[in-house]
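Coordinate inspection notes
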Amino acid sequence: MIRSDNGYFGEFGGRYVPEILLPALTELEDMFFALRDDPTFWQEYLTLTQEFSGRPTPLTPLRRLSKELGGAQIWLKREDLNHSGAHKVNNVLGQGLLVQRMGKKRVIAETGAGQHGLATAIMAARLGLDATIYMGADDIERQYSNVFWMRQLGSKVVGVETGARTLKEALDEALRDWAGSVENTHYVLGTACGPAPFPELVSYFQGVISQEIKQQAMAQIGRLPDEIVACVGGGSNAMGAFGAFLEDDKVGLVGVEAGGLSFKEGEHSVRLLPDTATPGIAQGYKTLFLQNEDGQLGDTHSIAAGLDYVGVSPILAHLTQTGRVTPESAQDHEVTDAFKLLMKTEGIIPALESSHALAGGFKRAKTMRPDQHIVINLSGRGDKDIFNIARAFPQPEWSDFLQRESERAKELFEATQGEK
Ligand SMILES: *Cc1c(COP(=O)(O)O)cnc(C)c1O
């Protein structure tokens, strides 16, 4: 298991927040450190994920695809089969248990595309907590179906109208709320980033993924896999898939970032390869950020909303620096090819985020031998992304359908505007 050195992983990590938030982070850290080695707490977490989210998720062999590519045997860890369709719910359920132990009754979160907000709304409803989700006003319009469900689940969704009306402004607003409500409110962070103890805490709960992979590989392959591949947005599904293997030196760990359109500034979200990102401090922690020489955060691009982020987990920044994790990137066109290949050859619909891991994994598998095994973490399912996917592969015959659906979404948006 990954352990920080007082909140740091090598030179990365730390806790750079306003004074007023320190007591809440310390309280969370104390609670987490007291519980993380307690087997009864881990069992309580496992039971919740089993009863509620379908764990353990399967390890699926891709027999037809492996044969077609002619290299290593490819396996998928099926995080797409979680309740709500991705790995995010693992972390959120774990934090929900910590909230209960701390005796808090309210949670807040910020969300961009809405997936983390939706997972938080689901957790809050299940555990009987009040939830407020901050979201940029533009993101609300773009991702209205997630907003619709968050509200039906009983969460309050607050549209943030300032600045560019996207994730960054929502983050500022959520932090402002927290500064005034830390006594009774927990901030549910969605990935392995942010101030300590979040990177370590999120990786701990997501670690259930690699613990299962290990057991399943022993049962289904008879030994550990040669490589594990995961996509990297903030880094939570990657840390989850890698965590239990960090000390198994023979198992290669590969993180695939969004190579976007090109390596030109603003056309990708690659932070772990040399020459794109530099160390800096922002958003409460130190990591590799895409930024200019004055430390101003740069623009990012990815066809997958979940990989479109300027920072990256300080743990992955460190593990890449030490050589334990191998960084890779996949460009948009490689991602769409991998997406189509998986669908047509195996009948599985992957999220665009996860398709980056597929692109990177297929490329590596081709260079490996048929007696080798590679596990790709399928972080989420793609059928929820129908419009993004239809836009990513425009086809003339879809344009009427897209037009009609976008009109319907607008009607729904307008009809439910009064709801909070
Ligand atoms: C959010 C998301 C990601 C990226 O987040 P990580 O913290 O890097 O895991 C990847 N895949 C899916 C399906 C997501 O929803």
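The protein chain goes by Tryptophan synthase beta chain in an unreviewed UniProt entry, where it is assigned to Reinekea marina. Note on the protein chain: under the UniProt heading Pathway (unreviewed entry), the record states "Amino-acid biosynthesis; L-tryptophan biosynthesis; L-tryptophan from chorismate: step 5/5."

Next up on the list: the pattern of salt bridges. Per the counting criterion, the structure on display carries 25 salt bridges. Across the pair Arg165 and Glu161 runs a salt bridge, and its minimum N-O distance is 2.6 Å. Exposure remark for Arg165: the relative accessible area of 24% places this residue in the partly exposed category. By relative accessible area, which is 55% here, Glu161 ends up exposed. One salt bridge connects Arg223 with Asp226, and the closest N-O pair in it is separated by 3.1 Å. Judged by its relative accessible area of 31%, Arg223 is partly exposed. With a relative accessible area of 18%, Asp226 lands in the buried category. Salt bridges sharing partners connect three or more residues here, namely Arg55, Lys77, Glu79 and Glu212.

Let's shift gears to the UniProt feature "domain: Tryptophan synthase beta chain-like PALP" (unreviewed entry) in the protein chain. In the UniProt entry, the feature "domain: Tryptophan synthase beta chain-like PALP" (unreviewed entry) is given for residues 54-380. The span residues 54-380 is 40% helix and 20% strand, and its two end C-alpha atoms sit 14 Å from each other.

Taking 1.5 Å of rise per residue, 15 residues should cover 21 Å, and helix 4 (residues 88-102) covers 22 Å from first to last C-alpha, within 8% of that figure. With respect to burial, helix 4 is a largely interior element, twelve of its 15 residues being buried. Looking at helix 4, one finds that the buried residues are Val89, Asn90, Asn91, Val92, Leu93, Gly94, Gln95, Gly96, Leu97, Leu98, Val99 and Met102. At the C-terminal side of helix 4, Gly103 shows a positive phi close to 75°.

Once that is clear, we can look at the UniProt feature "modified residue: N6-(pyridoxal phosphate)lysine" (unreviewed entry) in the protein chain. The positions that UniProt labels "modified residue: N6-(pyridoxal phosphate)lysine" (unreviewed entry) are, in the present scheme, Lys88. The topology assignment puts Lys88 in helix 4. By relative accessible area, Lys88 is classed as partly exposed at 23%. Apart from residues lying up to four places away in sequence, Lys88 is in contact with Gln115, His116, Ala119 and Gln206.

With that settled, the discussion passes to the side chain of Ser203. On the secondary structure map, Ser203 appears in helix 9 (residues 198-206). Among the polar contacts listed, one links the side chain of Ser203 to the backbone oxygen of Pro199, at a separation of 2.7 Å. In this view, Ser203 contacts Ile2, Ala192, Met239 and Ile315; residues no more than four positions away in its chain are not counted.

Around the ligand, a shell composed of 16 residues is seen, among which Lys88, Thr191, Gly233, Ser236 and Ser379 lie nearest. At 2.6 Å from an oxygen atom of the ligand is found a side-chain nitrogen or oxygen belonging to Lys88. For the ligand, whose free accessible area comes to 390 Å², the fraction covered by protein is 97%. For the shell around the ligand, the residue count by class is four nonpolar, ten polar and two charged.

What counts, and where the lines are drawn
- Residues numbered from 1 in each chain as written.
- Predicted model: local features only at pLDDT ≥ 70, side-chain atom pairs only at ≥ 80, totals over all residues.
- Heavy atoms only, no water.
- UniProt positions renumbered as here; feature names shortened; annotations may be inferred.
- Salt bridge = Lys/Arg side-chain N within 4 Å of Asp/Glu carboxyl O.
- Buried < 20%, exposed > 50% of the residue type's maximum accessible area, 1.4 Å probe, protein only.
- Helix = DSSP H or I, 4+ residues; strand = E, 2+ residues; numbered from the N terminus.
- Expected span 1.5 Å × (residues − 1).
- Contact = heavy atoms within 4.5 Å.
- Polar contact = N/O pair within 3.5 Å; in protein donor to acceptor, adjacent residues only side chain to side chain.
- Near = heavy atom within 4 Å.
- Areas by Shrake-Rupley, 256 points an atom, 1.4 Å probe, with all protein chains shown as cover.
- Nonpolar A, V, L, I, M, F, W, Y, C, P; charged D, E, K, R; others polar.

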